[in-house]
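Structural overview for review
Each chain, letter by letter, is given below.
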Amino acid sequence: MTTPSGYLTVRITPHAARLFLQHQGYFTVHVTKSALPIDFLAWKERNELLFVHVVSSRTKQGTPSYRNLVGELCSLVRKIPLPGEMQLMVYSGCSWNRFRVKSGGIYAMSGECT
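Structural notes, computed from the coordinates. (Residues numbered from 1 in each chain as written. Predicted model: local features only at pLDDT ≥ 70, side-chain atom pairs only at ≥ 80, totals over all residues. Heavy atoms only, no water.)

**Considerations on a nonpolar patch on the surface**
Formally: What goes into a patch is any residue over 30% in relative accessible area without a salt bridge, connected to like charges within 9 Å or, for nonpolar side chains (Val, Leu, Ile, Met, Phe, Trp, Tyr), within 5 Å. For the accessible areas, the method is Shrake-Rupley and the probe is 1.4 Å, while residue cover comes only from the protein chains on display. For this document, the term salt bridge refers to a Lys or Arg side-chain nitrogen within 4 Å of an Asp or Glu carboxyl oxygen. Each residue is placed in one exposure class: buried if its accessible area under a 1.4 Å probe, protein chains only, is under 20% of its type's maximum, exposed if it is over 50%, and partly exposed if it falls in between.
On the surface, a nonpolar cluster with roughly 280 Å² of combined accessible area is contributed by Phe27, Val29 and Trp43. Taking relative accessible area as the criterion, Val29 reaches 38% and is therefore assigned partly exposed.

Encoded structure:
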């Protein structure tokens with residue numbers, strides 16, 4: 001089975017997302033064995049803390065539907081008072097699409113080529 005060009009596998013997608021944010025000035029820490037759907041933490045300065053979940057899409061046509069995942073992340077934000085912001089990062093083709101996760105849904109932040 002071949003991997004489509006521009007597609008990141010499940011194993012390397014979180015690491016690629018961490019590198020992407022590190023290039024933007026964030027410090028990152030990989031989270032392991034967590035009951036929460038969080039791949040890593042990222043922070044910049046003392047006032048910006050991110051809880052990040054990462055997925056990769058085989059399509060280059062934008063973000064596919066992740067209805068169950070989005071529901072789970074929104075539920076987490078409703079139930080647990082996180083001391084920062086929850087974000088969903090989706091790699092699709094050549095770009096990272098970042099979404100802020102709020103209790104009622106998500107909204108797009110950017111679609112940035114790497």
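The rest of the description comes next.
**Some points on the pairing of strand E5 (residues 95-102)**
The condition is simple: Strands here are runs of E lasting at least two residues and helices are runs of H or I lasting at least four, both read from the DSSP assignment and numbered beginning at the N terminus. When DSSP finds two or more bridges between two strands, those strands count as paired.
Burial of E5 is extensive: 6 of the 8 residues sit out of reach of the surface. By the bridge criterion, 7 bridges tie strand E4 (residues 85-92) to E5 in an arrangement that is antiparallel. Bridging across to E5, Leu88 finds its partner in Phe99.

**As for the packing of aromatic side chains**
Keep this limit in mind: Whether two aromatic rings pair depends on their centres lying within 6.5 Å, for rings of Phe, Tyr and Trp, where Trp uses its six-membered ring; planes under 30 degrees apart make the pair stacked, over 60 edge-to-face, and the rest tilted.
In total, this model carries 3 aromatic pairs according to the counting rule given. For the ring pair Phe20 and Trp96, a centre distance of 6.2 Å and an interplane angle of 40° mean the geometry is tilted. Of the two residues, Phe20 is situated in helix H1 (residues 13-22) and Trp96 in strand E5; the sequence distance between them amounts to 76 residues. Of the two residues, Phe20 and Trp96, both sit in the buried class. Centre to centre, the rings of Phe27 and Trp43 are 6.1 Å apart; their planes meet at 25°, and the pair counts as stacked. Linking Phe27 in strand E1 (residues 27-30) with Trp43 in strand E2 (residues 40-44), this pair joins segments that are 16 residues apart in sequence. Put simply, the rings of Phe20, Tyr91 and Trp96 touch in pairs and so form one group of aromatic residues.

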